[in-house]
Amino acid sequence: MNAADTPRFMQLLAETLAAYGKPLPEAAMARAWMANLERYPLRTVQAAMQAYQDENGEFAPVPAGIAKRCKLMDGRPGAEEAWAIALTSQDEMASVVWTTEIAEAFRICRPVLDSSGAISARKPFLEAYERIVAAARLVRRPAEWVASVGWDKTRHVEVLDSAVRAGLLPAPAVAGLLAGKKDATPDEAARAQLAKIKQMQVEAAAAKEAARLAAVEQQRLADIEFKRKTNDRVRQIDPRAEMWAVDPRQILRHAHLPGRHATNDSGPLPEVIRNQKNASKGF
């Protein structure tokens with residue numbers, strides 16, 4: 001709230017207290033009300049007052065109690081709803097309107113989502129989202145909604161218009177997005193919001209590429225380990241494997257494993273295999 005909202009707030013406070021048979025508080029108490037609630041929009045304070053009356057019909061509200069309600073009624077979605085919103089951003093054709101906390105939590109869990117799927121990514125998203133939202137509420141930072149515009153222009157018009165009607169996005173920012181002039185909006189806050197959208201898109205792409213490179217490196221190390229174990233296993237069977245290349249396919253081609261016949265150009269059989277063949281013939 002700002003100074004212009006003070007008369008409307010005092011009227012709201014008087015009407016709320018009158019419902020409990022209480023008069024308008026003195027100047028000191030009125031200042032306490034303003035000090036606790038000035039960080040929240042007037043419409044949020046009004047909603048918190050109404051919710052309190054619906055749930056508590058006996059005791060008049062106090063500043064700290066209404067402030068606590070305002071903190072939880074800041075317009076941020078719950079963790080599960082935020083996860084559902086975040087998943088819609090996987091479709092590059094679709095547009096999504098989400099909070100900066102949803103975007104940040106989704107960026108954190110994106111490597112897990114790309115490598116292991118939505119079921120594995122859900123828990124890290126919820127944990128990150130709840131942590132980020134708690135930090136924002138601790139410093140009483142209001143919810144900030146931004147738009148991530150997809151490639152399908154026929155679909156994003158409805159999404160953005162709905163966000164404007166719901167009061168989630170400023171009309172100038174949406175007008176700039178729909179017109180395709182992201183840096184020519186007349187509102188400074190709208191330009192800053194669009195710049196933040198661009199940055200989040202860049203960071204999301206960087207995180208996806210980092211996850212891909214990590215998967216490639218992991219596969220490379222796994223291949224090296226497989227070759228090493230295969231070489232060790234073959235050397236235990238045929239010591240001559242030391243003279244051949246490290247490639248396990250070439251080693252296995254020359255090694256005489258139990259149950260296989262020697263070729264004409266492979267040389268004599270190892271002693272342990274020769275003994276096994278003689279024993280099977282009764283020698």
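Higher on the page you've got the structure.
Note that the structure is a prediction, hence the values are computed from the model and not measured.

Rules and cut-offs
- Residues numbered from 1 in each chain as written.
- Predicted model: local features only at pLDDT ≥ 70, side-chain atom pairs only at ≥ 80, totals over all residues.
- Heavy atoms only, no water.
- Helix = DSSP H or I, 4+ residues; strand = E, 2+ residues; numbered from the N terminus.
- Expected span 1.5 Å × (residues − 1).
- Bend = angle between axes of the 7 residues up to and from the residue.
- Buried < 20%, exposed > 50% of the residue type's maximum accessible area, 1.4 Å probe, protein only.
- Core = buried A, V, L, I, M, F, W, Y, C linked by side-chain atoms within 4.5 Å.
- Contact = heavy atoms within 4.5 Å.
- Pairing = 2+ DSSP bridges.
- Patch = residues over 30% accessible without salt bridge, like charges linked within 9 Å, V, L, I, M, F, W, Y side chains within 5 Å.
- Areas by Shrake-Rupley, 256 points an atom, 1.4 Å probe, with all protein chains shown as cover.
- Salt bridge = Lys/Arg side-chain N within 4 Å of Asp/Glu carboxyl O.
- Lys, Arg positive; Asp, Glu negative; His and termini not counted.
- Charge placed at Lys NZ, Arg CZ, Asp CG, Glu CD.

Below, the discussion takes up helix H6 (residues 100-116). Compared with an ideal rise of 1.5 Å per residue, which puts 17 residues at 24 Å, H6 spans 24 Å between its outermost C-alpha atoms and is within 8% of the ideal. The largest bend in H6 amounts to roughly 50° and is located at Cys 109, with the proline Pro 111 lying one to four residues further along. Along H6, the positions that sit buried rather than exposed are Thr 100, Glu 101, Ile 102, Ala 103, Ala 105, Phe 106, Cys 109, Arg 110 and Leu 113. Positioned one or two residues after H6, Gly 117 has a phi angle of 100°, which is positive.

The subject of this paragraph is the nonpolar core. Counting residues in each nonpolar core, the largest one holds 21 residues, and the members touching the most others are Trp 98, Ile 102, Phe 106, Phe 125 and Tyr 129. At the level of elements, helix H5 (79-88), strand E1 (96-99), H6 and helix H7 (118-138) are the ones that each hand at least two residues to this core. With near-sequence residues (within four places) excluded, Ile 102 lies in contact with Pro 77, Ala 82, Ile 85, Ala 86, Phe 125 and Tyr 129.

On to the pairing of strand E2 (residues 145-148), then. Of the two faces of E2, both are covered, the one formed by Trp 145 and Ala 147 as well as the one formed by Val 146 and Ser 148. Pairing of E1 with E2, which is carried by four bridges, proceeds in the antiparallel orientation. The partner of Val 97 across the bridge, within E2, is Ala 147.

Positive charge collects at one region of the surface, where Arg 39, Lys 68, Lys 71 and Arg 140 lie side by side. Here Arg 140 lies in the loop between H7 and E2.

From the geometry alone we can't say anything about function, so treat these as descriptive.
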